[in-house]
Amino acid sequence: MTDWTRRRSFAIISHPDAGKTTLTEKMLLYGGALHLAGSVTARKNQRSTASDWLEMEKKRGISISSTVLQFDCAGYRVNLLDTPGHRDFSEDTYRVLTAVDSVIMVIDAGKGIESQTRKLFEVCRQRGIPIFTFMNKLDRPSRDPLELMDELEEMLNLRPFAMNWPIGTGSDFRGVYDRRARQAHLFEHTPGGAYRAPEAVGDRSDEAIRERLSATLLERFLEEVDMLDSVGAVFDRDEVLAGTATPVFFGSASNNFGVQLLLDQFLSLAPPPAARRSANGEVRPENPAFSGFIFKIQGNMDPKHRDHVAFLRICSGKFTRDMSVTHQRTKKRVRLSNSHKVFGQEREILNEAWPGDIIGLIGHPDFLIGDTLSEDAGITYNEIPRFPPECFALLHNPTPAQYKSFRKGLDQVLTEGIVQRFWLSDDPNQSPLLAAVGPLQFEVAQYRLKAEYGAESRLETLPWTHVRWPESKDTAKDIRAVSLPIGSRWGHDDAGNPVIFFQDAWAPNYLCQHNPHVVLNDFAPRDRDKAKAFRKD
């Protein structure tokens, strides 16, 4: 498949427990990438999901790291990224959102729009990413579908258009009505939702359809569909691509109700790869010069080897295995000989790829998140900043004999961006100070140190909630001479830039009020332009 316009690169986002990973698994099932869908809860008698392959994910039944799943479906090359829903892993999700062209936003129909969904939506809006909405769990007690549609418009300022409509809800949920094809799809349950749900398809006047619905359910369904049609709302794909409207699909991922309709219509309506902004202007996919950027790094995907996979989003040109490109950060020429198509933990050698594709590159320990690879020395993407952490802890090595393993493991999790590292200015032991968006990232780091490197660690949590990079507007005044609020401490980041740790949001404001020449920045110097680009793309 050589036509980049047939690429569909998208992420699935949601609040935790809305059914994001379940929907991912069922789209793989209906896309032909799986013959048997796994279980997100991963009970002993069930398969684990293709996207949650880390051992800690299997044990907890949650997504910890974003996962790349590439497969072919209906004439499209699909690059699907399953993202973590928990806010503690949101930085990983933000990076994924730099590498996709659209998203499917999953909403629990019983709860409506939740906090993390809203936060991720705002990031999508900042970046101009088209949003498709899937109202999930219609087989459980649910809010009124019209109420859910109104909430999308009122809370997110998105004009919703119902692509299908549920036939019943909760225990009465029987299927969905495709409003574009004007056909009803009635489904049957399958054990554990592991197989495609058998369905009956027909128009609303079909007796075979009507006789499977109770009189009350049939009457309500016909009234609701007639009411939607009478409103006269028209679906406008241009509004969707502009981010002002969202197609809405109803269904149940766990029972496979409505998944096929979602997948088919999404692939036909979602945008192909778009132009990307580089430091020297816009780069279009048809630009013949190969270019791309690394948005994720994952170590030890193969437990038998200490591998290091860098995930690259291709933005322009054609990728061919063994090609030589410029690593823009170091200005070195590198040969990309070990390239892979990735499907969760599985991978296979990849010889060529096109804009929109996401590929795994192995054997390049110098690659870092945000790096650009290009044939054109004038193309550099500034896509991915490090976001300000909110949790801080000292990480100690309690076993001196494990020092090498401890350092090697810590270097790996730092390269992957699981945590950030700082140093306290007055710490005689110079223990690494780890910082993360949420405390669960510390658990992941400690778990991986033990599981993958055999290194024990001890975590000492610290009271700070903010870190700022100070600057002085008056070069004659030493920034270090500033008197800090009680509980605050000086430190520096890995690049040697001075930082101040604060216990609350009041403290930095207090410091600036009493020191007008001081500016406190939310981002490190290297990330300030990237943060602007992240928001304005």
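These numbers were taken from a predicted model, which means no experiment stands behind them. (Residues numbered from 1 in each chain as written. Predicted model: local features only at pLDDT ≥ 70, side-chain atom pairs only at ≥ 80, totals over all residues. Heavy atoms only, no water.)

**So, the overall build of the chain**
The test is simple: Runs of E in the DSSP output that reach at least two residues are strands. Runs of H or I that reach at least four are helices, and both are numbered from the N terminus. Any residue under 20% of the maximum accessible area for its type is buried, any over 50% is exposed, and the rest in between are partly exposed; the area is computed with a 1.4 Å probe on protein chains only. Should any heavy atoms of two residues lie within 4.5 Å, those residues are considered in contact. Using a 1.4 Å probe, the Shrake-Rupley method yields the accessible areas, and only the shown protein chains count as cover for residues. When charges are counted, Lys and Arg are positive and Asp and Glu negative, with His and the chain ends excluded. Note that the charge is assigned to NZ on lysines, CZ on arginines, CG on aspartates and CD on glutamates.
On a plain count of helices and strands, the chain comes out with 13 helices and 31 strands. When its C-alpha atoms are laid out on the principal axes, the chain stretches across 85 × 55 × 50 Å. Put simply, the chain has 537 residues, and 57% of those count as buried. Within the chain, contacts between residues separated by at least 24 positions form 71% of all contacts whose residues are at least 6 apart in sequence. Carbon and sulfur atoms make up 48% of the accessible area of the chain, which amounts to about 21900 Å² in all. Each charge class in the chain can be summarised by its mean position, and for the 68 positive and 72 negative side chains these summaries are 6 Å apart.

**Brief notes about a negative patch on the surface**
The condition that has to hold: A residue counts toward a patch only above 30% relative accessible area and without a salt bridge, and it is joined to like-charged neighbours within 9 Å or, for Val, Leu, Ile, Met, Phe, Trp and Tyr, to nonpolar neighbours within 5 Å. A carboxyl oxygen of Asp or Glu within 4 Å of a side-chain nitrogen of Lys or Arg is what we treat as a salt bridge.
Judged by side-chain charge, Asp144, Asp150, Glu153 and Glu154 come together as a negatively charged surface patch. Structurally, the position occupied by Asp150 is in helix α5 (residues 145–156).

**Details of the packing of helix α3 (residues 90–97) against helix α4 (residues 115–127)**
Working note: a packed helix pair is described by the angle between its axes plus the distance between those axes. Put simply, the test is: With axes taken as lines fitted to C-alpha atoms, and helix axes fitted only over the stretch in contact, angles between N-to-C directions fall between 0 and 180 degrees. For classification, angles of less than 35 degrees are called roughly parallel, those exceeding 145 degrees roughly antiparallel, those between 65 and 115 degrees roughly perpendicular, and all remaining angles oblique. A crossing counts as left-handed when the near helix is turned anticlockwise from the far one by less than a right angle, and as right-handed when that turn is clockwise. Asp, Glu, Lys and Arg are counted as charged, while Ala, Val, Leu, Ile, Met, Phe, Trp, Tyr, Cys and Pro are counted as nonpolar; the rest, among them Gly, fall into the polar class.
Where α3 contacts α4, the two axes come as close as 11 Å, and the packing angle between them is 30°. Considering the angle they form, α3 stands roughly parallel to α4. Seen along the crossing, α3 lies across α4 with a hand that is right-handed. Here α3 contributes Ser90, Thr93, Tyr94 and Leu97 to the contact with α4, which in turn contributes Gln116, Lys119, Leu120, Val123, Cys124 and Arg127. Residue composition of the contact of α3 with α4, grouped by class: 5 nonpolar, 3 polar and 2 charged.

**Things to note about the sheet that holds strand β8 (residues 175–178)**
Using the following cut-off: One bridge is not enough; two strands pair if DSSP finds at least two bridges between them.
The 4 strands lie next to each other as β7-β8-β9-β10, forming an open sheet whose pairing is antiparallel. The open sheet has two edge strands with one neighbour each: β7 (164–167) and β10 (199–202). The mean inter-strand angle of the sheet, taken between neighbouring strand axes irrespective of direction, is 20°. Direction of pairing for β7 relative to β8: antiparallel, over a ladder of 4 bridges. Residue pairing in the sheet places Ile167 in a bridge with Gly175 of β8. Its contacts with the sheet put helix α7 (residues 215–231) on β7 and β8, and the angle it makes with β7 is roughly 160°.

**Details of the pattern of salt bridges**
All told, the structure shown has 31 salt bridges when counted by the stated rule. For the salt bridge of Arg182 with Asp229, the shortest nitrogen-to-oxygen distance reads 3.2 Å. Highlighted residues: Arg182 in the loop between β8 and β9 (183–187) and Asp229 in helix α7, separated in sequence by 47 residues. For Asp229, a relative accessible area of 29% puts it in the partly exposed group. Salt-bridge contacts for Lys318 lead to Glu352; the nearest nitrogen and oxygen are separated by 3.3 Å. Of this pair, Lys318 sits in the loop between β15 (308–316) and β16 (319–320) while Glu352 sits in strand β21 (residues 352–353); the two residues are 34 residues apart in sequence, bridging distant segments of the chain. Under the relative-accessibility criterion, Glu352 is labelled partly exposed at 32%.

**Describing unusual backbone geometry**
Even without a glycine there, the phi angle at Asp17 is positive, about 70°. Residue placement: Asp17 occurs in the loop between β1 (7–14) and α1 (20–30). The exposure class assigned to Asp17 is exposed, which follows from its relative accessible area of 60%. Despite not being glycine, Lys137 has its phi angle at roughly 65°, a positive value.

**Examining the pairing of β9**
On a regular strand, one side chain projects to one face of the sheet and the next to the other, so that they alternate. Among the 5 residues that make up β9, 4 are buried, leaving the element largely enclosed by the rest of the structure. Pairing geometry for β8 and β9, over 4 bridges, is antiparallel. Its bridge partner lying in β9, Val176 is registered against His185. With 4 bridges connecting them, β9 and β10 associate as antiparallel partners. Among the inter-strand pairings, His185 is bridged to a residue of β10, identified as Val201.

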